[in-house]
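The residues making up each chain are set out below.
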Amino acid sequence: MTRLALQTTQQKPKNYGILLVQYSFITVLSPVIAVLSMFILAAIVHLGVLFFHGKQQYFSTWKVCAYASLIGILYNIFSTLLIVVLGLLKPSQSILAAPEMAEIGLYWFVALGILMCLGIASLIHVIYSAVQGLSLYHGLSKGHAVLCSLLPLAVFFLIVILFVMLIIGLLGIGIAAA
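Residues numbered from 1 in each chain as written. Predicted model: local features only at pLDDT ≥ 70, side-chain atom pairs only at ≥ 80, totals over all residues. Heavy atoms only, no water.

## Quick word on the state of the cysteines
No. 1: According to the stated counting rule, one finds 0 disulfides in the structure shown.
No. 2: The thiol of C65 is unpaired, and the distance to the nearest cysteine sulfur, on C148, comes to 9.9 Å.
No. 3: Using a relative accessible area of 6% as the deciding quantity, one classes C65 as buried. (Disulfide = S-S within 2.5 Å. Buried < 20%, exposed > 50% of the residue type's maximum accessible area, 1.4 Å probe, protein only.)

## Regarding the confidence of the model for the chain
No. 1: Confidence in the prediction of the chain, expressed as mean pLDDT, is 81, and 79% of residues score 70 or more.
No. 2: Per-element averaging of pLDDT across the chain places helix α1 (residues 3-9) at the bottom with 50 and helix α4 (residues 106-138) at the top with 89. (pLDDT = per-residue confidence, 0-100. Helix = DSSP H or I, 4+ residues; strand = E, 2+ residues; numbered from the N terminus.)

## Points about α4
No. 1: With 33 residues, α4 extends 47 Å between its outermost C-alpha atoms, agreeing within 8% with the 48 Å of an ideal straight helix rising 1.5 Å per residue.
No. 2: Listing the buried residues of α4 in full gives W108, A111, L115, L118, S122, A130, V131, G133, L134, S135 and H138.
No. 3: Of the residues flanking the end of α4, it is G139, one or two places downstream, whose phi is positive at about 65°. (Expected span 1.5 Å × (residues − 1).)

## Thoughts on the packing of aromatic side chains
No. 1: Enumeration according to the criterion identifies 4 aromatic pairs in this entry.
No. 2: Ring plane angle 20° and centroid distance 5.6 Å describe the contact between F39 and W62, whose orientation is recorded as stacked. Placement of the pair is F39 in helix α2 (residues 16-51) and W62 in helix α3 (residues 58-89), with a sequence separation of 23 residues.
No. 3: Judged by its relative accessible area of 23%, W62 falls in the partly exposed class. (Phe/Tyr/Trp six-rings, centres within 6.5 Å; stacked < 30°, edge-to-face > 60°.)

## Let's talk about the environment of Q56
No. 1: By the element assignment, Q56 lies in the loop between α2 and α3.
No. 2: Residues Q56 and L134 lie 78 residues apart in sequence; the distance between their C-alpha atoms is 9.7 Å.
No. 3: Not counting chain neighbours up to four residues away, the residues in contact with Q56 comprise H46, Y137 and H138. (Contact = heavy atoms within 4.5 Å.)

## Focus on the side chain of H138
No. 1: Inspection of the secondary structure puts H138 in helix α4.
No. 2: Judged by its relative accessible area of 1%, H138 is buried.
No. 3: At 2.8 Å, the side chain of H138 forms a polar contact with the side chain of T61.
No. 4: What H138 contacts, discounting residues up to four positions off in sequence, is H46, V49, G54, K55, Q56, Q57, S60, T61 and G133. (Polar contact = N/O pair within 3.5 Å; in protein donor to acceptor, adjacent residues only side chain to side chain.)

Here it is in structure tokens:
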């Protein structure tokens, strides 16, 4: 056996200490990020509310965003439970058991299609709830409430586009310098 063949067949030992630190850090940091992102999301939505002369303060906007986000969280919990159940029903192809060894067949394509439909339903439900809440709390028309609830999405896409343009510009400078 060649040296290359021996290297590919040997398993490297996993450093469980580093994994434990990473997962602990993520576990502690995730709720903090979730709370901070909720305040930032509500602030962006409230800017839209102020633009359309909403009648209430920031806290009312925050409540609407928090309640609407809770719906998305419940959809995510349901989707996670659905993946676990699907993995238990078809253990020979379970992505949960060995992700690198799982065969992606018709079973998982159907499962992923169902999850994608759940994600779309979640997005529609969250936006609908936010529109209803903004309309109710701030006395906005449904059209203005839709614009306010879609404002964070527009801001996110704008940031992504600017980031991509920055990366392309930096790559262009690097190519020109070479």
